[in-house]
Amino acid sequence: EAPWGIAERQMMAARLKRCVVRRRDGPEQHGVAASCLRELRDKACGVLAIDKAREPITLVLAEDGTIVDDEDYFLCLPSNTKFVALAKDEKWSSKILDSGTSWLSESVDEVDSAAEKWKQLARQLKDDLSNIILMSEEDLQVLIDVPRSDLAEELAQSETKIQVLQDTLQQVLDRREEERQSRQLLELYLEALKTEDSILSKISEPEAAPRKEMDVVDTGTSSTDTSATTALSDQVLAALKEKPAPELCLDSQDLELVLKEDTAALASALGWDKQKAGALQEACDQELSKRLKQVQTLHSLRSTSKGKKTLPWGDWPSSKRKK
């Protein structure tokens, strides 16, 4: 009976998955072994001392808040996956990180994440209006969509001046879109020229075609090397890969990160060749330089005007654009 008991326990252990669970607002982590999602929920309630009145709990991945409620998905997760147990009416927030508990001093439910986003951007403008130039297109759109009365209250300005501000934000957004469209047209034109040159060269030198194809294959193999890593987020990499003029979409901090990346590592992460990645970094460098020059010009103009302690809201020209 003893050998059979040992074998049975080994079979049960093989079916168990090791997991790490914790509460939304608690730093303590507990190791739990469970064979299914239901068992993990039950054990999490026990080790985390969750009141029966606050059940059923929801399990989410600690790294990104993905809700795990499918049994097959749970079985596909690796061992020692970290879960956050959310009791009834609790919500996951990106502020809840494993790397510290200082974020937890204020309640996550007090302010909606979208509202917190525009308020943070509004504070940047309150500190310095020239931050408009450094913002991403997404940030500009967030401030444009905020109700005028709410933005006026946050910035302690009249709704008339807020209308001027939002029109200015829209102008900056429109200008970037025009630049993107112009760049797309230019790229299409250059691509058409390349295609035409390629056709003409194949007609005049038919024997050179196989060698040219071999060169393309040889350069392509180097770009598929994925051994290099980057410090860029998935969101930034997606923008770089998918947007026609990504340097116009990113804010200045992301542009700086792109410039700091090794060209070979960036090319590997994007699946491009090194020349294309270098051209992207050059475009980001030009865009960042242009924005910084605009900020310096604004500061220079501001310093030559009358000494004002408050922001020169009235100095912004009223927009002629009709929304």
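Residues numbered from 1 in each chain as written. Predicted model: local features only at pLDDT ≥ 70, side-chain atom pairs only at ≥ 80, totals over all residues. Heavy atoms only, no water.

S.K.: Could you give an account of the overall build of the protein, with specific residues and numbers?
M.R.: Within the protein, the regular secondary structure consists of 14 helices and 4 strands. Evaluated residue by residue, the protein yields a buried proportion of 33% over its 323 residues. Carbon and sulfur atoms provide 52% of the accessible area of the protein, an area that totals close to 20,800 Å². (Helix = DSSP H or I, 4+ residues; strand = E, 2+ residues; numbered from the N terminus. Buried < 20%, exposed > 50% of the residue type's maximum accessible area, 1.4 Å probe, protein only. Areas by Shrake-Rupley, 256 points an atom, 1.4 Å probe, with all protein chains shown as cover.)

S.K.: Explain the pattern of salt bridges to me, using residue names and the numbers behind them.
M.R.: Considering all chains together, one arrives at 11 salt bridges under this definition. Taking the shortest distance from any N to any O, the salt bridge between Arg-180 and Glu-137 comes out at 2.8 Å. Residue Arg-180 is found in helix 8 (residues 159–204), and its partner Glu-137 is found in helix 6 (residues 137–145); the two are separated by 43 residues along the sequence. A residue is classified by how much of its surface remains accessible, and Arg-180, at 7% relative accessible area, is buried. (Salt bridge = Lys/Arg side-chain N within 4 Å of Asp/Glu carboxyl O.)

S.K.: Tell me about the sheet that holds strand 3 (residues 58–61), residues and numbers included.
M.R.: Whether parallel or antiparallel, the strands of a sheet pair through hydrogen bonds between backbone atoms. Sheet architecture is open: 4 strands sit in the order 2-1-4-3, paired in mixed fashion. What marks the edges here is a single partner per strand, and that holds for strand 2 (30–34) and strand 3. Within this sheet the neighbouring strands show an average axis-to-axis angle of 40°, counted without direction. Bridge count between strand 1 (residues 17–23) and strand 2: 5 bridges; the pairing is antiparallel. Within strand 2, the position partnered with Arg-18 by the bridge is Ala-33. (Pairing = 2+ DSSP bridges. Axes fitted to C-alpha atoms, helices over the stretch in contact; angles between N-to-C directions.)

S.K.: So, the packing of helix 10 (residues 234–242) against helix 13 (residues 263–270): which residues are in play, and what are the values?
M.R.: Where helix 10 contacts helix 13, the two axes come as close as 10 Å, and the packing angle between them is 80°. Taken together, the axes of helix 10 and helix 13 lie roughly perpendicular to each other. In contact with Leu-237, Leu-240 and Lys-241 of helix 10, helix 13 contributes Leu-266, Ala-269 and Leu-270. In the contact of helix 10 with helix 13, the residues fall into 5 nonpolar, no polar and 1 charged. (Parallel < 35°, antiparallel > 145°, perpendicular 65-115°, else oblique. Contact = heavy atoms within 4.5 Å. Nonpolar A, V, L, I, M, F, W, Y, C, P; charged D, E, K, R; others polar.)

S.K.: Give me the lowdown on the side chain of Thr-81, citing residues and values where you can.
M.R.: In this structure, Thr-81 sits in strand 4 (residues 81–86). Overall, Thr-81 belongs to the buried group, its relative accessible area being 12%. Aside from chain neighbours lying at most four places away, what touches Thr-81 is Arg-18, Cys-19, Val-20 and Leu-61.

S.K.: Give me the lowdown on helix 12 (residues 252–260), citing residues and values where you can.
M.R.: Looking only at helix 12, the buried set comprises Ser-252, Asp-254, Leu-255 and Val-258. Buried residues of helix 12, seen end-on, are gathered within an arc of 160° and therefore sit on one face of the element. Turned more than 90 degrees from where helix 12 packs its buried face, Gln-253 and Lys-260 sit exposed. (Arc of directions from axis to C-beta.)

S.K.: Describe a nonpolar patch on the surface, naming the residues involved and giving the relevant values.
M.R.: A contiguous nonpolar surface patch, about 380 Å² in accessible area, is contributed by Leu-186, Tyr-189, Leu-190 and Leu-193. Position of Tyr-189 relative to the elements: it lies in helix 8. (Patch = residues over 30% accessible without salt bridge, like charges linked within 9 Å, V, L, I, M, F, W, Y side chains within 5 Å.)

S.K.: Explain the confidence of the model for the protein to me, using residue names and the numbers behind them.
M.R.: Per-residue pLDDT for the protein has a mean of 76; in total, 75% of the residues score no lower than 70. Here residues 308–312 scores under 50 on pLDDT; set against residues more than four positions off or in separate chains, the count is 9 contacts. Contacts for the low-pLDDT stretch residues 318–323, under 50 throughout, to residues beyond four places or in other chains number 11 contacts. (pLDDT = per-residue confidence, 0-100.)

S.K.: So what about unusual backbone geometry? Which residues, and what values?
M.R.: Omega for the peptide link from Glu-55 to Pro-56 comes to 0°, which places this bond in the cis form. For Pro-56, the position within the fold is in the loop between helix 2 (37–47) and strand 3. Although it is not a glycine, Asn-80 sits at a positive phi angle of roughly 65°. Even without a glycine there, the phi angle at Ala-156 is positive, about 55°. Examined against the element boundaries, Ala-156 turns out to sit in the loop between helix 7 (148–155) and helix 8.

S.K.: Outline the pairing of strand 1, listing residues and values.
M.R.: Counting buried residues in strand 1 gives 6 out of 7 residues, a clear majority hidden from the surface. Counting the residues in the hairpin turn of strand 1 and strand 2 gives 6 residues. Sheet topology note: the strand 1/strand 4 ladder contains 5 bridges and is parallel. Directly across from Cys-19, in strand 4, lies its bridge partner Thr-81.

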